[in-house]
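So you can see what is in the structure, the chains are spelled out below.
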Amino acid sequence: LSRIIPAILLLLFIGQCLWFMRTQSLTNDEALHIVAGTEAWRLNRFERWNDHPPLVFLLSTLPVIAKGGSISIGYDVRYADGIYPSPEVVAWYGRIVIVGLGVLLGILVWLAARRMFSEGAANFALALYAFSPALIANFSISCNDGATALVTFAVAMQLVRSEERRVGKECR
C-alpha cells in the first residue's frame, strides 16, 4: 500500500513524458546526439560531436539501432541529408531510454527524501518531481542533461551514505 502513491506519481511522470515526446519534433541537439551515438555503434568510435560524455548517446541510440534508424548529416551540419525510417520514429526510439533514466532519478529522489525525512515527505518530493516542466522536458528528449542530473544526484547520495558510514551515525 505504501508504494501505490509513488507508483502512481511515476506513471503520471511517464505519461507526461510520452505525451511530450509525441508532440515535439527533433531538436537540433538531439539530431546531433543521435548521429554521434549511431555512428559510434557503427564505427566503434566517436568521430563527430564528441564534446559530451558518450555513455548517454550510446544508451539512447540502442533502440534506434535496433529499429534500423539513422540520421545522415553532412559535415557542414546545416541540414539532415536523410532520416530513416522517419523523424518521428527516430525521435521516439531515441528518447525512450531517457524517460527510463528520468524514472530512475524519480525513484532516487523518493528514496532519499524517505530516508532523510518521512514517506509523506518523499511522496511530496516525488509529486514536485513528477509535475516539474523542466524535468519532463529534459527527460523527454535525447540529450545528456537529464542523465547528468541523474548521475550527479546518485553520486551525492552515495557520498552522503559513505560519510555516514565513516562517521558511524546517521545525518538527520
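Rules used throughout
- Residues numbered from 1 in each chain as written.
- Predicted model: local features only at pLDDT ≥ 70, side-chain atom pairs only at ≥ 80, totals over all residues.
- Heavy atoms only, no water.
- Helix = DSSP H or I, 4+ residues; strand = E, 2+ residues; numbered from the N terminus.
- Buried < 20%, exposed > 50% of the residue type's maximum accessible area, 1.4 Å probe, protein only.
- Areas by Shrake-Rupley, 256 points an atom, 1.4 Å probe, with all protein chains shown as cover.
- Lys, Arg positive; Asp, Glu negative; His and termini not counted.
- Charge placed at Lys NZ, Arg CZ, Asp CG, Glu CD.
- Phe/Tyr/Trp six-rings, centres within 6.5 Å; stacked < 30°, edge-to-face > 60°.
- Core = buried A, V, L, I, M, F, W, Y, C linked by side-chain atoms within 4.5 Å.
- Contact = heavy atoms within 4.5 Å.
- Axes fitted to C-alpha atoms, helices over the stretch in contact; angles between N-to-C directions.
- Parallel < 35°, antiparallel > 145°, perpendicular 65-115°, else oblique.
- Left-handed = near helix turned anticlockwise from the far one by under 90°.
- Nonpolar A, V, L, I, M, F, W, Y, C, P; charged D, E, K, R; others polar.

Another aspect to go through is the overall build of the chain. Along its length, the chain carries seven helices and two strands. Of the regular secondary structure in the chain, the N- to C-terminal order runs α-α-α-β-β-α-α-α-α. In terms of overall dimensions, the chain has a C-alpha envelope of 55 × 35 × 25 Å along the principal axes. The buried share of the chain, reckoned over its 172 residues, is 37%. Counting only carbon and sulfur atoms, one obtains 64% of the accessible surface of the chain, whose full area is about 9900 Å². Positive and negative side-chain charges of the chain, numbering 15 and 13 respectively, have mean locations separated by a distance of 9 Å.

Bringing the packing of aromatic side chains into the picture now. One pair of aromatic rings is described through two measures. These are the centre distance and the angle between the planes. In total, this model carries two aromatic pairs according to the counting rule given. An angle of 40 degrees between the planes, with centres 5.2 Å apart, marks the rings of phenylalanine 13 and tyrosine 129 as tilted. Remark: tyrosine 129 occurs in helix α5 (residues 119–130) and phenylalanine 13 occurs in helix α1 (residues 4–23); sequence separation between them is 116 residues. Aromatic side chains phenylalanine 13 and phenylalanine 139 sit 6.4 Å apart centroid to centroid with 70 degrees between the ring planes, which places their arrangement in the edge-to-face category. With phenylalanine 13 in helix α1 and phenylalanine 139 in the loop between α6 (133–138) and α7 (145–167), this residue pair connects regions lying 126 residues apart in the sequence. There is no split in this pair, since phenylalanine 13 and phenylalanine 139 are both buried. Here a set of aromatic residues connected by ring pairs shows up, and it is made of Phe13, Tyr129 and Phe139.

With 26 residues, the main nonpolar core has Phe13, Cys17, Leu101, Leu105, Leu126, Tyr129 and Phe139 as its most contacted residues. Looking at this core element by element, the count peaks at nine residues for helix α4 (residues 87–116). Once residues lying within four places of it in the same chain are set aside, the contact partners of leucine 101 are Phe139, Ala147 and Leu150. Ala31, Val35, Val64 and Ile71 belong to the second largest nonpolar core, which has six residues in total.

The next subject is the packing of α4 against α7. For any two helices packed against each other, one specifies the crossing angle of their axes together with the interaxial distance. Across the interface, α4 lies against α7 with an axial gap of 9 Å and an inter-helix angle of 30 degrees. Taken together, the axis directions place α4 and α7 in an arrangement best described as roughly parallel. Classified by chirality, the crossing of α7 by α4 is left-handed. For the pair formed by α4 and α7, the contact residues are Leu101, Leu104, Leu105, Leu108, Val109, Ala112 and Arg115 on the first element and Ala147, Ala149, Leu150, Phe153, Ala154, Met157, Val160, Arg161 and Glu164 on the second. Residue composition of the contact of α4 with α7, grouped by class: 13 nonpolar, no polar and three charged.

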